[in-house]
Amino acid sequence: MTTDLLTRHAPHVTAPDPAADLARVRGARRRPAVRVRLVVTALVLSALGAVLVRVLLGDYVVALADLVPILRGQTLPEAPGASFIVMEAKLPRALVGLLAGLAFGASGAMFQTTLRNPLASPDIIGISLGASATAVVALTFLDAQGLWLPAAALTGALAVSLLMYAVGRGTALAGQRMVLVGIGVAALLASVIQLVLIRTSVQDAQAALVWLTGSLARATWPVIGLLTLCLAVLGPLLAASARWMRLAELGDDLSSTLGAPPARARLGLVVAVAMAAVATSATGPIAFVAFLSGPIARRLCGGRVSLWAAALVGAVVVVLSDFAGDYLVPDVNLPVGVVTGALGAPLVLAVIVTAGRSGKA
């Protein structure tokens, strides 16, 4: 009788349909996931295209049909110098830029999301400067060459990250303290670098400055092998930490409720530190790549966090910036860090202005 009265006086009211509601929820969750997959696919193609542009174009143009024989080790009779140019100059720079960009982009996104702070980037909180300081000391005073220079840079980056972790460990505001300590350590290390450059010779200072701006000039096959090995080990670990990263973005209390204690959620930071340190040790501190790859990827993915998208954005930016640095200005070879710095600074200002207008600053 009650049902009849409800139907008679409110004919527009329909009974709830659990199946339809579930289908709507699944559709709402599926659409962002589909967009992320499409963005990642497009970025994979863009990264491959960037590598081909870096290898095939430039002062010495290589035909696409000749690339496969060159990669197989064949010497082209009509272009005997093509194999040397591709295998010893162009391809190593493209591969180091690709691998370092992947590492910078993924580590920056992990830092910013886990610590819930847009300033929590390796090139802002001192990790890159830790690598730079030890590398400059090794380069100027110890005359480090070959793999010894990346090893020194890796040691410095890990030392800074351990200091940050020790200071922020066991506090409710660990993420904020790590960022503040990192910024302070970065200022101190910048002073150390300036002191070293003042006390060294002009030749050593020039070599150190090239490394400090971020450059792919030291790209060699041993460096490529080291980067590939490190990323092959650290990449799966970082991908496994992505689940805890998404929960950590909700805050310490809610993430703990959902089964991800803050200490466990920040384990991915250890992997991100190692990735940033390895990339910095190979190329130097390339400005703004780790800082901006995460926000750009988030915008492309419609507000969702994707480590894969952030990593691929970093790879595309580094490879194309290196190509632009070599050929953008005639007769001038600009290090990749100069190009990313020139492009990144206006973009940072634009992001800050947009966030301020939307009330999110």
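Nothing here was measured: the structure is a model prediction, and the numbers come from that model.

Reading guide: rules and limits
Residues numbered from 1 in each chain as written. Predicted model: local features only at pLDDT ≥ 70, side-chain atom pairs only at ≥ 80, totals over all residues. Heavy atoms only, no water. Buried < 20%, exposed > 50% of the residue type's maximum accessible area, 1.4 Å probe, protein only. Helix = DSSP H or I, 4+ residues; strand = E, 2+ residues; numbered from the N terminus. Salt bridge = Lys/Arg side-chain N within 4 Å of Asp/Glu carboxyl O. Core = buried A, V, L, I, M, F, W, Y, C linked by side-chain atoms within 4.5 Å. Contact = heavy atoms within 4.5 Å. pLDDT = per-residue confidence, 0-100. Axes fitted to C-alpha atoms, helices over the stretch in contact; angles between N-to-C directions. Parallel < 35°, antiparallel > 145°, perpendicular 65-115°, else oblique. Left-handed = near helix turned anticlockwise from the far one by under 90°. Nonpolar A, V, L, I, M, F, W, Y, C, P; charged D, E, K, R; others polar.

Engineer: Please explain helix 3 (residues 64-71) as it appears in this structure.
Structural biologist: Owing to its 3.6 residues per turn, the α-helix aligns residues three or four sequence positions apart on the same side. Within helix 3, burial applies to L67, P69 and I70. Of the residues flanking the end of helix 3, it is G73, one or two places downstream, whose phi is positive at about 90°.

Engineer: Got a minute to help me understand the pattern of salt bridges in this structure?
Structural biologist: When their charged atoms lie close together, side chains carrying opposite charge are able to pair. With the rule as written, the count across this model stands at four salt bridges. For D326, the salt bridge identified is with R54, shortest N-O distance 2.6 Å. Taken together, the positions of D326 in helix 15 (residues 307-327) and R54 in helix 2 (residues 18-56) put the pair 272 residues apart, joining distant regions of the chain. On the accessibility criterion, D326 (15% relative accessible area) is buried. What makes R54 buried here is its relative accessible area of 2%. Between D322 and R93 there is a salt bridge; the shortest N-O distance is 2.7 Å. Taken together, the positions of D322 in helix 15 and R93 in helix 4 (residues 82-114) put the pair 229 residues apart, joining distant regions of the chain. Here D322 and R93 have matching classes, each one buried. Each of R54, R93, D322 and D326 takes part in one network of salt bridges that share partners.

Engineer: Would you take a moment to explain the nonpolar core for this structure?
Structural biologist: For soluble globular proteins, the rule of thumb is that nonpolar side chains tend to be buried together. Counting 90 residues, the largest nonpolar core has V55, F111, L238 and M275 as its most contacted members. Considering every element that reaches this core, the biggest residue donor is helix 4, with 14 residues. Not counting chain neighbours up to four residues away, the residues in contact with M275 comprise A103, A106, S107, L231, L234 and L238.

Engineer: It is not clear to me how the confidence of the model for the protein should be interpreted in this structure. Could you clarify?
Structural biologist: It should be kept in mind that the predicted coordinates are not to be read in detail where pLDDT is low. Considering every residue of the protein, the mean pLDDT works out to 79; 79% of them sit at 70 or more. When pLDDT is averaged over each helix and strand of the protein, the minimum, 47, is found for helix 1 (residues 2-9) and the maximum, 93, for helix 15.

Engineer: How do you make sense of the packing of helix 4 against helix 9 (residues 221-240) when you look at a structure like this?
Structural biologist: To characterise two packed helices, one gives the angle between the axes of the helices and the distance between these axes. Close contact between helix 4 and helix 9 brings their axes to 10 Å; oriented N to C, the two are set at 25°. When the interaxial angle is binned, helix 4 and helix 9 end up roughly parallel. Crossing of helix 4 over helix 9 shows left-handed handedness. Along its contact with helix 4, which presents M87, E88, L91, P92, L95, V96, L99, A103, A106 and M110, the element helix 9 presents W221, V223, I224, L227, T228, L231 and L238. Of the residues that constitute the contact of helix 4 with helix 9, the class distribution is 15 nonpolar, one polar and one charged.

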